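# A closer look at the structure
So you can see what is in the structure, the chains are spelled out below.
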There are 6 protein chains.
Amino acid sequence: MYELGVVYRNIERTPLDTAQAMASLGSATVHEAMGRVGLMKPYIRPIYSGAQIAGPAVTVLLHPGDNWMLHVVAEQIQPGDIVVAAVTAECTDGYFGDLLATSFMARGARALVIDAGVRDVKTLTEMDFPVWSRAISSKGTIKATLGSVNIPVVCAGQLVTPGDVIVADDDGVVCVPKARAAETLAAAQAREANEGAKREKLAAGVLGLDMYKMREPLAAAGLKYID
Amino acid sequence: MYELGVVYRNIERTPLDTAQAMASLGSATVHEAMGRVGLMKPYIRPIYSGAQIAGPAVTVLLHPGDNWMLHVVAEQIQPGDIVVAAVTAECTDGYFGDLLATSFMARGARALVIDAGVRDVKTLTEMDFPVWSRAISSKGTIKATLGSVNIPVVCAGQLVTPGDVIVADDDGVVCVPKARAAETLAAAQAREANEGAKREKLAAGVLGLDMYKMREPLAAAGLKYID
Amino acid sequence: MYELGVVYRNIERTPLDTAQAMASLGSATVHEAMGRVGLMKPYIRPIYSGAQIAGPAVTVLLHPGDNWMLHVVAEQIQPGDIVVAAVTAECTDGYFGDLLATSFMARGARALVIDAGVRDVKTLTEMDFPVWSRAISSKGTIKATLGSVNIPVVCAGQLVTPGDVIVADDDGVVCVPKARAAETLAAAQAREANEGAKREKLAAGVLGLDMYKMREPLAAAGLKYID
Amino acid sequence: MYELGVVYRNIERTPLDTAQAMASLGSATVHEAMGRVGLMKPYIRPIYSGAQIAGPAVTVLLHPGDNWMLHVVAEQIQPGDIVVAAVTAECTDGYFGDLLATSFMARGARALVIDAGVRDVKTLTEMDFPVWSRAISSKGTIKATLGSVNIPVVCAGQLVTPGDVIVADDDGVVCVPKARAAETLAAAQAREANEGAKREKLAAGVLGLDMYKMREPLAAAGLKYID
Amino acid sequence: MYELGVVYRNIERTPLDTAQAMASLGSATVHEAMGRVGLMKPYIRPIYSGAQIAGPAVTVLLHPGDNWMLHVVAEQIQPGDIVVAAVTAECTDGYFGDLLATSFMARGARALVIDAGVRDVKTLTEMDFPVWSRAISSKGTIKATLGSVNIPVVCAGQLVTPGDVIVADDDGVVCVPKARAAETLAAAQAREANEGAKREKLAAGVLGLDMYKMREPLAAAGLKYID
Amino acid sequence: MYELGVVYRNIERTPLDTAQAMASLGSATVHEAMGRVGLMKPYIRPIYSGAQIAGPAVTVLLHPGDNWMLHVVAEQIQPGDIVVAAVTAECTDGYFGDLLATSFMARGARALVIDAGVRDVKTLTEMDFPVWSRAISSKGTIKATLGSVNIPVVCAGQLVTPGDVIVADDDGVVCVPKARAAETLAAAQAREANEGAKREKLAAGVLGLDMYKMREPLAAAGLKYID
């Protein structure tokens, strides 16, 4: 349940270097490193391919068809932040376009993740401002009802607390709680370090069956080969 | 992001009388009383019509296709509780049937709200054990992976903290945070008290336009009548 | 494209006896009689089973999350009317509940068809006021933005002009243009008259293959029987 | 890939007593007895609650918006059969209504499972002819294109071969291959026999944690209790 | 409700220069200029990115799985036209491919908007013939049933009358009634003219809160800042 | 119904030259050549545009959230094969990423078609390993439950038998049974040969109405032109 009509100005962000170090690792590796939790639902998709970013979340709660609070959150953005926008009911309206993107970029925002629609996607692509959204729609919004800024929100099925790390790329959007950011980064880096050697072996034709020593457990589980 | 593999045994429940007093008010009135927040997504539907209940939430986090933790949560149920089950990914499997319902009822559970599927619905209906779910499915589940009990969970888009009040009926499922339970109950009762008089007037033919004094604001907004 | 902020007070309704004579024929027969056009999309479902109604449409255009105009349309209802409510964007909010139903019934409305959500469905069922909707939801609405009353609207994919006949039952909702109401009624009654004899034959074991003389065209199309 | 334009008249049905013995066991128990395979997708729902049936499948392949082959399959029905209808593309049209149901019942059909829409559901309910479908729709169909009868079909994601057993109830629809029918029946009966004792224990307050001896594996998996 | 089996040869088109002047403004600006109505549902998406077009609509009504009338509408195309295709029921079949596109281009068509599926998208992209559709599918269609050409149709939830202006780009598809085309163009151009100055200010770091003078109404609505 | 826990090592593949000859024809032409059957549902989409491939299918059956069998199927891949992966219930998890793709490529696999999710799509695109999937998701999977390899599976609504030909491109995925591969190839080539001449005529302005001699059947069906 949400607290309405409030803006928290002082949030504790995950340190920027910790947060941004997760960008190159990507959402899949970070998600694995957390034990396969923290992922937003896969209906959230990037408006263009190839962007891969990470940063601390500033959050905003919106009402259906009303983007008033996106102007309020703009003032709370610090360089490197990623804005995470939730809506109190399902809505595909185009809450965000090139003007707001210009403002967000002027404040140093790195990206927007929104559980609703976005528009001006051609211009946003040219501006290189990445957005992950549930829809693309020309439909504009009004400015009439108060939501909140920097409260915990549920975005695409995932709880996001202000200051948590958002990692987003072509595979999806992951949220890492700030209390677990350092350990998650370490775990993800360890996974990554491990992958190069695996990739080489697999490329050389070694089977995962052998590399991961799966033949015995598969047999134990009863797998039968039939010629 | 969820903490996995833990069971919190001591949660602070909203007092049972406060929680249960919301049942007769219904989800729509309680939702209004909270300022139109707190509602689960409308894909959560009752397996049969007519049940109208309220009580404190005990929560459980499940993995897709795995109902192991439903047995763990059973032990944590106290009389009057409503079990709220979230899943780490979208799943429609039938996690819950008549055997688990028998166990839940023996512990005093009042209902189950689950962001997944349920089965044995004919028997559950005969047992008068209400379930709100996203699907009905014969598909059974395994018992292999740890989730958690009594951590905050996101169920059908709504954050539920253990001890919060769940109000569920044919219109949907609302979650009232325990810190706001008393004030919400009072506000909902006030709304309800107010409705009898309104209903009589409207039944007598008085228009909402007049009863709510809407004609002036409508004209101010520019409404034109054309004969 | 919709005209906003207007209420047409004088619409030409299909004569009530013509309209209501379609109720007992049902939506499927009427839909066939029109050449298989005029049907709303099948996501529009009745909130309870068994209601079967027909009557002239009064229409209302709503905005997402805003039910202000439902109070405006109430004044335009005449006995026997069916209110058809469209929304300018997809929305599942609960626009309509027992208070508005009380008012609609006091004005003589026969039913509501709404391309959005409805609530208080348990009470509406007890009141015997049928609603066909796309969703059931406790979520309330605000009263802030002007729509229109008695303009042509698109409801669940179907164009409805004020005064057209709405036929609704467990199978769905059909709209018959007033200009074609009389001929459609006659065609539907002819179909219906024809069905009793067919039903008797089929019950006696005559196959549709023979009754409809399908064996020859099936063979001509190349159907092969294999023993 | 489907063979078009053929009707296989002689199919090998699962013996009727074997097939029908699965009705009282229900889809969930049978599905478990098969190792959790064989279930149609859960979007297939009964048009009314409470029917619980089983019988050998006769299959029919239809084209979108065309129910011609339902008349062809009628002739192939033997008493106790369940007609399983697949469509070559997604379609929600109302392929089947009270006239076809009259014909199917005259031939001894026990039910219809159709991966498309159905209509006249009020009358079908009164006739006590159960249908499991993906939609309810007034929309009628034409009779123009050949499909096939008694070929293997994919219905709601499940391969059904003519003569297989269909088990359907409020929880869903399961298909049991005829080659595995006898063993599946035996396994399902064994499960069922086992459930009475479990239910009594659970009703007496024994926890599944103890009855199924789960405490040790849960601890081994690392479950922590926190007071 | 649709009139079937007719082709209107003489329609009144919005003047081509008025229509085409809307292309560079884009769907979002035009949609705002009309008061946020006229937009097709956002499930209609372009088959490739970057096309931005506008022109008068010629309309065609199709049946599910049947593209016969696309050949009929081809003859009615005039240079600059945009074909708008509606279907009488939901269908994702691939109605349109490279051969029809060749024919449409030979007639001078600028684009196709279709509430169904399309195929040969790789070739269409190479041909630079833009299509907005609800699906991409290899599935072909038959040529068997009459629809109509140049009647008013409902396409993706939007009423389109022949001669109306269609504006389509990466953000979606808007329909402007021909009676409102001139005023809408003027209003959209005024909006556009206004945007350059705003963009500069926002890029310079001025907040929307100040530029749009929102601080006072936000405070009046009760917004609280918490440090 | 699926056989679980088995790996068939010796399958009869469609000859590679026959299979691969279908790649340049594309899914739409092949689908037409088979009489418009054999197409997977259109929710299966390529992770990047432009790939157009064909080859014999090796199949694998997976459980929700479990990719163990993808390692088992890797060993059964022969150069030119296309892996077709089905799941026993709906799931969008990311079963397959760059490591498995490295292994599949080392074995000579040409592509993957999976009725579930995939991840590392940026890397897969750089590797030029095409995947057709129902979702993109960072969510990883476990390795716990046996499925099967090289049994007939239902993938996206389509039955695929090991050795059948898979044809996949931007328009979708078609399955050609190996018994019909040669005749389908011939029929598709004949269609294709025929298209060049048609395309030229249409480009020159000849209408399909005339080229396909449709004017008479349209008139016979009752089409009326209105000036």
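This text gives an overview of the structure that appears in the document. All values derive from a computational prediction rather than experimental measurement.

## Describing the arrangement of the chains
Kept free of each other, chain A and chain D leave a smallest C-alpha distance of 14 Å between them. No part of chain B reaches chain E; the closest C-alpha pair between them is 14 Å apart.

## With respect to the interface of chain E and chain A
Chain E puts 35 residues into the contact, and the matching count from chain A is 34 residues. Both sides of the chain E and chain A interface together cover about 3,100 Å² of buried area, and 60% of this is carbon and sulfur. Linking chain E with chain A are four salt bridges, by the criterion used here. Here Arg199 of chain E and Asp98 of chain A are joined by a salt bridge, their closest N and O atoms 2.7 Å apart. Where chain E meets chain A, there are 15 residue pairs in polar contact (both at pLDDT 80 or more). Counting residues per element, the ones that place at least two in the side of chain E that touches chain A are α2 (26-33), α6 (181-203), α7 (208-211), α8 (215-220) and β12 (224-226) of chain E. Considering each element in turn, the side of chain E that touches chain A owes the most residues, five residues, to α6 of chain E. Broken down by class, the residue content of the side of chain E that touches chain A amounts to 16 nonpolar, eight polar and eleven charged. Pairing between strand β1 (residues 6-8) of chain A and β12 of chain E: three bridges, direction parallel.

## Brief notes about the environment of Glu90 of chain F
For Glu90 of chain F, the position within the fold is in the loop between β4 (82-87) and α4 (98-107). Using a relative accessible area of 39% as the deciding quantity, one classes Glu90 of chain F as partly exposed. Placed 39 residues apart in sequence, Glu90 of chain F and Ala51 of chain F show a C-alpha to C-alpha distance of 26 Å. In contact with Glu90 of chain F, other than residues within four places in its own chain, are Lys41 of chain D together with Arg134 of chain F. A polar contact of 3.4 Å, which involves the side chain of Glu90 of chain F, links it to the side chain of Lys41 of chain D.

## Considerations on the relation of the copies chain E and chain A
Superposition of the two copies of the chain requires a rotation about an axis and a shift along the axis. In screw terms, the move from chain E to chain A is a rotation of 120° and a rise of 0.0 Å along the axis, fitting with an RMSD of 0.0 Å. What the superposition gives is, in effect, a three-fold axis relating one chain to the other.

## A look at the packing of helix α2 (residues 26-33) of chain F against helix α6 (residues 181-203) of chain F
Residues and elements named next belong to chain F. Put simply, α2 and α6 touch, their axes get as near as 8 Å, and they point 115° apart. Taken together, the axes of α2 and α6 are roughly perpendicular relative to one another. By crossing handedness, the relation of α2 to α6 is classed as right-handed. Here Thr29, Val30, Glu32 and Ala33 of α2 come into contact with α6, specifically with Thr184, Ala187, Ala188, Arg191 and Glu192. Looking at the contact of α2 with α6, its residues break down into four nonpolar, two polar and three charged.

## A word on the pattern of salt bridges
Scanning the model with the defined rule gives 84 salt bridges over all chains in all. Salt bridges here are not isolated pairs; linked through shared partners, they connect Glu32, Arg36 and Arg191 of chain A together with Arg119 of chain F.

## Brief notes about the packing of aromatic side chains
Per the counting criterion, the structure on display carries twelve aromatic pairs over all chains. In textbook terms, an aromatic cluster arises when at least three aromatic residues are bridged by ring pairs, as seen for Phe96, Phe104 and Phe129 of chain A. The side chain of Arg134 of chain B reaches across the aromatic face of Tyr43 of chain B, ending 4.3 Å from its centre.

## Observations regarding the relation of the copies chain F and chain B
After a rotation of 180° and a shift along the axis of 0.0 Å, chain F superposes on chain B with an RMSD of 0.0 Å. Such a turn and shift between the copies fits a two-fold axis. In this assembly, 100% of the residues forming the interface of chain F have copies in chain B that are likewise at the interface, indicating an isologous arrangement.

## Things to note about the nonpolar core
Membership of the largest hydrophobic core comes to 163 residues, with the highest contact counts inside it found for Phe96 and Phe104 of chain D together with Phe96 and Phe104 of chain F. Beyond its immediate stretch of four places on either side in the chain, Phe96 of chain F contacts Leu70, Ala101, Phe104, Leu112, Gly117, Val118, Arg119, Leu124, Phe129 and Val131 of chain F.

## So, the interface of chain F and chain B
Note: interface size is frequently given as the accessible area lost on complex formation between the parts. Each partner contributes residues to the interface: chain F has five residues there, and chain B has five residues. Overall, the association of chain F and chain B removes approximately 450 Å² of surface from exposure, summing both partners, and the carbon and sulfur fraction of that is 59%. Interface area lost by chain F to chain B is led by Pro64, Ala89 and Lys139 of chain F, which between them contribute 49%. Between chain F and chain B we count zero salt bridges in total. There are zero residue pairs in polar contact (both at pLDDT 80 or more) connecting chain F and chain B. Taken together, the residues that form the side of chain F that touches chain B break down as two nonpolar, one polar and two charged.

Calculation criteria
- All residue numbers refer to position in the chain's written sequence, counted from 1.
- Chain A is the first chain written and ligand 1 is the first ligand written, with later ones labelled in order.
- In keeping with the predicted nature of the model, local features appear solely for residues at pLDDT of at least 70, side-chain atom pairs appear and are counted solely at 80 or more, and the whole-chain, interface and lining totals rest on all residues.
- Just so you know, side-chain values use all the structure's heavy atoms and leave hydrogens and water out.
- Two residues qualify as a contact provided that any one of their heavy atoms is within 4.5 Å of a heavy atom in the partner residue.
- The quantity reported as buried area is the accessible area (1.4 Å probe) lost by two parts once they are put together, taken as the sum for both.
- Counted as salt bridges are all cases of a side-chain nitrogen of Lys or Arg within 4 Å of a carboxyl oxygen of Asp or Glu.
- In protein, a polar contact means a hydrogen-donor-capable atom and an acceptor-capable atom, both N or O and within 3.5 Å, with residues adjacent in sequence counting only if both atoms are side-chain atoms; elsewhere, any N or O pair within 3.5 Å suffices.
- Note on conventions: DSSP H or I runs of at least 4 residues are helices, E runs of at least 2 residues are strands, and numbering of each starts at the N terminus.
- Three categories are distinguished: nonpolar for Ala, Val, Leu, Ile, Met, Phe, Trp, Tyr, Cys and Pro, charged for Asp, Glu, Lys and Arg, and polar for the others, with Gly belonging to the last.
- At least two bridges found by DSSP between two strands is the condition for calling them paired.
- Each residue gets one of three labels from its accessible area relative to the maximum for its type: buried under 20%, exposed over 50%, partly exposed in between, using a 1.4 Å probe on protein chains only.
- A least-squares fit on C-alpha atoms brings the copies together, and the residues used are those whose pLDDT is at least 70 in both copies.
- To obtain each axis, a line is fitted to C-alpha atoms, and for helices this fit is confined to the stretch in contact; angles are then taken between N-to-C directions over 0 to 180 degrees.
- Here the word oblique covers every angle except those under 35 degrees (roughly parallel), over 145 (roughly antiparallel) and from 65 to 115 (roughly perpendicular).
- What makes a crossing left-handed is the near helix being turned counterclockwise from the far one by less than a right angle; a clockwise turn instead makes it right-handed.
- Aromatic contacts are taken between Phe, Tyr and Trp rings whose centres are within 6.5 Å, Trp giving its six-membered ring; a plane angle under 30 degrees counts as stacked, one over 60 as edge-to-face, and the others as tilted.
- A ring has a charge above it when a Lys NZ or an Arg CZ is no more than 6 Å from the ring centre and no more than 35 degrees off the ring normal.
- Joining through side-chain atoms within 4.5 Å is the link that ties buried Ala, Val, Leu, Ile, Met, Phe, Trp, Tyr and Cys residues into a set, and such a set is a nonpolar core.

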